[in-house]
Amino acid sequence: VFCEFVCFFLRPKHTKEHFNMDRDRSTQKVDREKTCPFLLRVFYKVKEERALEDYQKLLGTVDQQEDELQIYTWMDITLRELAALIKESLPTDLKNSYSRMEINFIFQNSKGEMNKRAAGAINFGKRKPDDKATLKDRKYVIGDFIDVSLWGDRS
């Protein structure tokens, strides 16, 4: 419990300096043999977005929620690859029931308030520029929540 407490408070804050990182580093591939993957806490909703207040309640928790997926990955995963992992991990009744996935980063700002930043949208019917963007390209900070909204009927 102490480790979870310390890890929560040592989590990096979103600052201007973080978002002005060297662009050359963002295009480098991660050596997956030498780099340990990290945990993504992904929360999904069908045809709606989860309220920011819900995420405030999740801060510091470690218990997996009913609508949560836990995925281990690296910073060079593309949004298309992430969407495929999420789709693969969803309950069976949801796997093919939507055509678009909107991905957002949820994070706590320096004032302690929860904020949302759009990462991209994946359309399973056709490819778009968002497909090739990586978590690193979208300036994901390890420890942020991933909010996923599933939209559109696929029948």
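It should be emphasised that the depicted structure is a prediction, and the values quoted were computed from it without experimental measurement.

(A) Representation of the nonpolar core. The biggest cluster of nonpolar side chains holds 29 residues, and the ones touching the most others in it are Leu-40, Ile-86, Met-101, Ile-103, Leu-135 and Val-148. When contributions to this core are tallied by element, the ones reaching two or more residues are β1 (38-46), β2 (68-73), α5 (79-89), β3 (100-108), β4 (114-123) and β5 (145-151). The contact partners of Ile-86, leaving out residues within four places of it in the chain, are Val-42, Leu-69, Ile-71, Met-101 and Val-148. With seven residues, the next largest nonpolar core counts Phe-43, Tyr-55, Leu-58 and Leu-59 among its residues.

(B) Here's a closer look at the confidence of the model for the protein. Counting all residues, the mean pLDDT for the protein is 80, and 79% of those residues have values of 70 or more. Long-range and interchain partners of residues 1-10, a stretch whose pLDDT sits below 50, account for four contacts in this model, where long-range means more than four residues apart. Below pLDDT 50 for its whole length, residues 15-26 participates in nine contacts with residues either more than four positions away or in separate chains.

(C) The pattern of salt bridges, seen in detail. Using the criterion set out here, one finds seven salt bridges in the structure. Glu-49 is paired through a salt bridge with Lys-116; the nearest N and O atoms lie 2.5 Å apart. Here Glu-49 is found in the loop between β1 and α4 (52-58), whereas its partner Lys-116 is found in strand β4, with 67 residues between them in sequence. By relative accessible area, which is 36% here, Glu-49 ends up partly exposed. With its nearest N and O atoms 2.4 Å apart, the salt bridge here joins Asp-67 to Arg-50. Taken together, the residues span a long stretch of sequence, with Asp-67 in the loop between α4 and β2 and Arg-50 in the loop between β1 and α4 at a distance of 17 residues. Across this residue pair, the class does not change: Asp-67 and Arg-50 are buried.

(D) Geometry of the pairing of β4. Note that β3 and β4 share nine bridges and pair antiparallel. Within the sheet, the bridge partner assigned to Asn-104 lies in β4 and is Ala-118. Two successive antiparallel strands, β3 and β4, enclose a turn made up of five residues, where Gly-112 displays a positive phi of approximately 90 degrees.

(E) Representation of the sheet that holds β3 in the model. One open sheet accounts for five strands, arranged β2-β1-β5-β3-β4; its pairing is mixed. Of all strands in the sheet, those bounded by a partner on one side alone are β2 and β4. The mean inter-strand angle of the sheet, taken between neighbouring strand axes irrespective of direction, is 30 degrees. Pairing of β1 with β2 involves six bridges; the strand directions are antiparallel. Residue pairing for β2: Phe-38 is matched across the bridge by Thr-73.

Cut-off values and rules
Residues numbered from 1 in each chain as written. Predicted model: local features only at pLDDT ≥ 70, side-chain atom pairs only at ≥ 80, totals over all residues. Heavy atoms only, no water. Core = buried A, V, L, I, M, F, W, Y, C linked by side-chain atoms within 4.5 Å. Buried < 20%, exposed > 50% of the residue type's maximum accessible area, 1.4 Å probe, protein only. Helix = DSSP H or I, 4+ residues; strand = E, 2+ residues; numbered from the N terminus. Contact = heavy atoms within 4.5 Å. pLDDT = per-residue confidence, 0-100. Salt bridge = Lys/Arg side-chain N within 4 Å of Asp/Glu carboxyl O. Pairing = 2+ DSSP bridges. Axes fitted to C-alpha atoms, helices over the stretch in contact; angles between N-to-C directions.

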